[in-house]
Structures are given as C-alpha cells and as structure tokens.
Amino acid sequence: MRSRLMQIKTTLIVLSILLLTACSSQDWQVRALPSDAAVAAALDHQPDPALLSAIELQDLPLVRMPVDVRPCCAFGNAQKVKVGSMSVPFFRYANTLAVDNVGPHAYEAGSFSFQKDAPNGSRGTENNGQIYTLQGGFIDLAHVRDTADNAIALFYRIYPKLGQAQVIQLPEEIGPRSIEIDEFDTSHLTAKQRWEVAATISVRLAYFMAEAHEVAQWHGYRSWAPWSEAVSAYSPEDLYSNMLGAKIALALINNNLAMNKTLYNQHMTQWLSATLDWLEPVSMAQTNALFDVIDGHWWDSNQALPSKFMLLKRHYELGDQQSPYLVPKALAQAHPKWDDIAPLYETDVTAKAHHLSLSNLIHGIDIDAVAQQKLIVADKFKHSFKHIPAALWQQGFSQAQFYQISEYNQQQDIIELREHQQSDAHSLTEVQP
C-alpha cells in the first residue's frame, strides 16, 4: 500500500514539474537597447531625461498574443446550470468573491495559473469572479485581466514599428480578424512621446478587441462548442471591466513595469488590487445581496445557464466612454435584504459613479484615422447577421461599425425577449390546474 502511495506521489511530482516547465517555456522578456543619443545623454554632466528614453526594443522574443479568453463569468450569482436539456441537480454556479481573495495575475492564464503575487510572495491562482464596487458597479475580473494582457501583446508589436504600415493577425472568433495600421509621420515625436503613442494605440485597440468579442458572442461565437455564450453578450459589466484593464495596462507600460512576464504579472497583481480598493469594493455577502436585489430586473435566477435570457439587462452603448451600472437605492430599499446593504447607500450612489474613457488623440496622432480592427464574417455566422443591413458587414467591418451593429442586435433582442416571456407565460398557464 505504501509503495503504491509513493508511486502516485512520484507521478504527481513529475507531472507538476512538467506542468511548471511547460508554463515557464512561454516566458517572455523584452530587452531595451540604448541608442547613441541615450548613451551620450547618460554620460553628460546633467543627463537630459527625454534623451535617456531614446531606447530600442528588440523584436525577439515576441510576446505571444493571447489566444483564449478567461472562462468567466455569467452575470448573476448562484445560477442554475443545464447541460443540453438536463438540469444539473443540487448545483449552483457561484462566481462572486471578496477582494481579499483575488489571486495573483498570470499573463494569458486561460483556465489555470499558479503565480507569485510578489517576488517573495506565495503562489496562487487568479481566482476570478465578480465584485461589486461603490464607484464602478459590478467588476468582472476576467475581463479586466484579458484586456490588459492583449494591450501588452499589442504594444510589443506596435512600438518597434511605430509609424510604419503593419498588419497584426488576431485569433479568429466569428471569422478572420486583424489590426491594420497605416503609415504615419512620427518625426516630430521625442523618444518618450513615441513610447506613449504606442502605448495609447495599444490599449485602445485592446479595448476594441473586447468590443468585438461582445459582438461575436451575440452572433454565435463559442469558445467551447456545446455551450452557448449568448448569455454573456453585452453583459452590463463587461466593457467597463475591459476598459479598466486597458487603463491599468496603460499605466504599467508607461511606467516600464511590463518588460518581462514576471515583472508584468507581479505589477499587474498590485495595480489590480490597488484599483479595486480605490473603487471601494463591498464584501462578498453584500455583492451577493445586490445580485439578489436585481434578480428579476437585470437577470433572472429562474433561468438556467446557458439560457440567453437569464440576462435581462444588456449594455449596447459601445464606444470609448463607459459608465458603471450602480444598483439604484429605490430597488435596494424594496428588497428584503435592505438591512444588509443599507450602509452602502449612506451617500448618493449616482454621485460616486466613476466614468472611464480612452483617448483617441495623443501627441497630434488621430488613432482611429491610422489604426483599425478589421473583421470578416465567416460563412457559418452569416445567417446571424440577417437582421442587419448588408452594407454594414458583408464586406467586413471595423470598430467604426460596432455601435451600429449593436443597435440592430438590441432591436432583435427586444423581439426575442418578448417571445421568450410570452412562451414562459404560456407554459405556466398550461401547468396550472
């Protein structure tokens, strides 16, 4: 018996080593090479800080572009789950957590990660989920992390070729997609300004990747074929969370805190924690209570995942300005759990809302005029666009059309939701004696 246990233990150790080795093989590190101007400035009696920033990044090793989004999170709490037509008994999908339980960031984590939260810290998983904050409403941590990772990967493709025409291929969702950047003049930019321009372009395009994902989910994209993701399309917390990730990534890039994978992971961990604290997170019990308050208004606990209309409130206002959805006081007061959350409403909740935006102009560069995300609709998804004028999508589309496409999707959702509710009401009538 003991020898059998030792054999199992040895096997687990070997598998762990192999797993960690596989993870470490994907590490990336970018080296900054000083230019002649930077070296000359460094040797001056009084170095010019602007010239010290005149560095060049080696193209290799190239930071891997994330392929898969993190598997999280449907809007709501303790949702029922169906697999096919079968309900999963005695199971509820819990996806809320306390801010103290947020784990260390891992670049391109996918569904698994095991990282240190600091150089001398302990290892842990990301532990993604939903947290309610007084200034930012519901925050989906997976969306924050995904956009930050995409921004980093794009920066290390854009910066070395800034001003040159280039095409960056992206992972397909509802068809081929790419980022196309036109040639533009950078001769008037200082070294520091070049860095800032590349960073601002990168985070803006990473955010537009998140918008494209919302559109793709609505039109049938699935990361796992048996499971519909329509329930997550245009979820009210998604884009605010994505923009939060873009804003954090911009800070990390401009502070040179993402020059290698370990450095980025650890500083992303600290910035994410500090950002959540700044937004004033509530306890996990209060997050769950607030989900209960909006049950039947923003989501429907009677519906099982992945039913599309478990989600009742959707956010179709795509664009570079995003505002949080805060649970109204009147709705909270009318709920039996008011006593648990009353302290959260001691001040005007609407006055606390923190609005986010991403700049399109940086040092004289109009980003949308020179950089586009282009999407082509594959044949298998074309039927899902039949309610949208062909001129908007048939020859491909970019972020310039995202908002209009989303408006047509909203109109279609109104029709489908009405039909769904009528069908449910009819079913209830039939089962009544």
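Residues numbered from 1 in each chain as written. Predicted model: local features only at pLDDT ≥ 70, side-chain atom pairs only at ≥ 80, totals over all residues. Heavy atoms only, no water.

A. Up close: the packing of helix H4 (residues 141-158) against helix H6 (residues 238-254). One can describe the packing of H4 onto H6 by two numbers: an axis separation of 7 Å at closest approach and a directional angle of 40°. Relative to H6, H4 is oriented oblique. As H4 packs across H6, the resulting crossing turns out to be right-handed. When H4 is examined against H6, the residues His-143, Val-144, Thr-147, Ala-148, Ala-151, Ile-152 and Phe-155 are found in contact with a partner set consisting of Asp-238, Ser-241, Asn-242, Leu-244, Gly-245, Ala-246, Ile-248, Ala-249 and Ile-253. For the contact of H4 with H6, the residue count by class is ten nonpolar, five polar and one charged. (Axes fitted to C-alpha atoms, helices over the stretch in contact; angles between N-to-C directions. Helix = DSSP H or I, 4+ residues; strand = E, 2+ residues; numbered from the N terminus. Parallel < 35°, antiparallel > 145°, perpendicular 65-115°, else oblique. Left-handed = near helix turned anticlockwise from the far one by under 90°. Contact = heavy atoms within 4.5 Å. Nonpolar A, V, L, I, M, F, W, Y, C, P; charged D, E, K, R; others polar.)

B. Quick peek at the pairing of strand E8 (residues 137-140). For strand E7 (residues 130-133) and E8, the ladder comprises four bridges, and the chain directions are antiparallel. Across the sheet, the residue bridging to Tyr-132 is Phe-138, located in E8. Hairpin connection from E7 to E8: three residues lie between these consecutive antiparallel strands. (Pairing = 2+ DSSP bridges.)

C. Structural detail: the nonpolar core. Leu-154, Phe-155, Tyr-156, Ile-158, Ile-201, Tyr-264 and Phe-397 are the most contacted members of the largest nonpolar core, which totals 84 residues. Per-element accounting of this core gives the leading share, 16 residues, to helix H5 (residues 191-218). Apart from residues no more than four positions distant in its own chain, Tyr-264 is found in contact with Trp-28, His-105, Tyr-107, Ala-148, Asp-149, Ile-152, Leu-252, Leu-257 and Ala-258. The next biggest cluster of nonpolar side chains, apart from the first, holds 27 residues, and it includes Ala-74, Phe-138, Val-231 and Ala-353. (Core = buried A, V, L, I, M, F, W, Y, C linked by side-chain atoms within 4.5 Å. Buried < 20%, exposed > 50% of the residue type's maximum accessible area, 1.4 Å probe, protein only.)

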